[in-house]
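Summary of the model geometry
The lines below spell out each chain.
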Amino acid sequence: MKITLITCTYNAAAVLQRTLDSVSRQTYDDIEHIIIDGKSRDDTVALAEQYKTSSYLHHKGHQIRIVSERDTGLYDAMNKGLALATGDYLCYLNAGDTLASPSTVATIAAAASASPAGYGVIYGETDITDEQGAVIGKRHHSAPERLTWRSFRHGMLVCHQAFYANTAIARGIRYDLRYRVSADVDWCIRVMKEAERQKLSNCNVHQTVCHYLRGGMSVQSHRQSLAERFHTMRRHYGLADTLLMHAWFVVRSAFASLR
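A short tour of the structure in this document, coming up. Residue numbers restart at each chain and count upward from 1, following the sequence in its written direction. Reporting of local features is limited, given that this is a predicted model, to residues whose pLDDT is at least 70; pairs of side-chain atoms are given and counted only at 80 or more, and all residues count toward the totals for whole chains, interfaces and linings. To obtain the side-chain values, all non-hydrogen atoms of the structure were included, while hydrogens and water were left out.

So, on to the overall build of the protein chain. Elements are defined by DSSP. Helices are runs of H or I of four residues or more, strands are runs of E of two residues or more, and each kind is numbered from the N terminus. Counting its regular elements, the protein chain contains ten helices and nine strands. Only protein chains enter the area calculation, which uses a 1.4 Å probe; residues under 20% of their type maximum are buried, those over 50% are exposed, and those in between are partly exposed. Residue burial in the protein chain is summarised as follows: out of 259 residues, 53% are buried. Any pair of residues with heavy atoms lying within 4.5 Å of one another is described as a contacting pair. At a minimum sequence separation of 6, the contacts of the protein chain that also span at least 24 residues come to 78%. Working note: accessible area of the protein chain is about 12,300 Å², and carbon and sulfur atoms make up 53% of it. Here the accessible surface of atoms and residues is derived via Shrake-Rupley with a 1.4 Å probe, and residues count as covered only by protein chains that are part of the display.

The term salt bridge refers to a side-chain nitrogen of Lys or Arg lying within 4 Å of a carboxyl oxygen of Asp or Glu. In this structure the tally under the stated criterion is seven salt bridges. Between Glu-69 and Lys-80 there is a salt bridge, and its shortest N-O distance comes to 2.9 Å. You can see Glu-69 sitting in the loop between strand E3 (63-68) and helix H4 (74-84) and its partner Lys-80 sitting in helix H4, a full eleven residues away along the chain. Glu-69 gets classed as partly exposed once you look at its relative accessible area, which sits at 36%. Taking the shortest distance from any N to any O, the salt bridge between Glu-131 and Arg-214 comes out at 3.2 Å. Highlighted residues: Glu-131 in the loop between strand E6 (121-129) and strand E7 (135-138) and Arg-214 in the loop between strand E9 (203-213) and helix H8 (217-220), separated in sequence by 83 residues. Judged by its relative accessible area of 41%, Arg-214 is partly exposed.

What follows is about helix H2 (residues 44-52). Within H2, burial applies to Thr-44, Leu-47, Ala-48 and Tyr-51. Buried positions in H2, seen along its axis, are confined to an arc of 100° and lie on one side of it. Picture the helix axis, draw a direction to every C-beta atom, and the arc is the one those directions span.

What follows is about the environment of Cys-203. As for its position among the elements, Cys-203 is in strand E9. On the basis of relative accessible area, Cys-203 is assigned to the buried category, the value being 13%. Taking the C-alpha atoms as reference points, Cys-203 and Gly-124, 79 residues apart in sequence, are found 8.5 Å from one another. Sequence-distant contacts of Cys-203, defined by excluding residues within four places in its chain, comprise Ala-111, Tyr-119, Val-121, Ile-122 and Tyr-123.

One face of the sheet, then the other: side chains in a regular strand alternate in exactly this way. On strand E4 (residues 89-92), burial covers both faces: Tyr-89 and Cys-91 on one face and Leu-90 and Tyr-92 on the other are all buried. Criterion used throughout: strands pair if DSSP finds at least two bridges between them. Sheet analysis places strand E1 (residues 3-9) next to E4, joined by four bridges and oriented parallel. Directly across from Leu-5, in E4, lies its bridge partner Cys-91. When E4 meets strand E8 (residues 163-166), the two strands line up antiparallel, connected through two bridges. Bridge assignment links Leu-90 to a residue of E8, and that residue is Ala-165.

On to helix H5 (residues 104-113). Within H5, seven of the ten residues are buried, which leaves the element mostly enclosed by the surrounding structure. Looking at H5, one finds that the buried residues are Thr-104, Val-105, Thr-107, Ile-108, Ala-109, Ala-111 and Ala-112.

Glancing now at the environment of Ala-48. Its location among the elements puts Ala-48 in helix H2. For the pair Ala-48 and Thr-9, spaced 39 residues apart in sequence, the C-alpha separation works out to 10.0 Å.

Another point: the nonpolar core. Here, nonpolar core means buried Ala, Val, Leu, Ile, Met, Phe, Trp, Tyr and Cys residues that are tied together by side-chain atoms lying within 4.5 Å of each other. Core analysis: the biggest nonpolar cluster contains 73 residues, and Ile-122, Phe-152, Phe-163 and Trp-187 have the highest contact counts within it. Counting residues per element, this core draws most heavily on helix H7 (residues 183-197), which supplies eight residues. The contacts of Phe-152, once residues within four sequence positions are left out, are Leu-147, Leu-157, Val-158, Val-185, Cys-188, Ile-189, Met-192, Met-233 and Tyr-237.

Following this line, the structure appears as structure tokens:
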């Protein structure tokens, strides 16, 4: 059971090392780590190359591939990683994000191996970290016991970095480059739709599997993110349902601000 981790980088030398360290510490050996770099101008590629040549990782049997070339943005880089993935399941672990513990990938692989038919998605919980990598709290959303493509009507209940997709499904579903900050939401929904079409269930491992660096693209471009997510939800769930859910989001936020 091979697990592919895809890390997309651009001028990420300040935060990349902790991501690489979290992968190298994994107790599970059959890991493919693909690093897609957007032609960084800092030491990002040098750090990745040093990591690739580590004798310790060679002993463990990790397969590491580095591609550094210009791209049109994060989701273009993600598509490149997707095309190269050869593992049974894949997950995106971008620069600054880390695996929650040394046994995280082993947990995912064990869950995958327990189902002869396989799963569409294997998922878990997420903690948020600050710029120094210290955990500062749980993610606002908790992973539901039963996840389907309809679950994301209520928001992105599973963090992208805690979403291990069946590669046989995922490689046929590219990120939509019309979205600038929310293509991950659309991609996750389409992966789960296809899993349902193939009659594959999704598996909650009931563990924190990712430490996510706060301040991602959707936070930095909040207004654009809201507009794109509205478009995504309307596309998948219809206008009436989308308007109803956004009205609930507004009410919930108003109540939260009064506490």
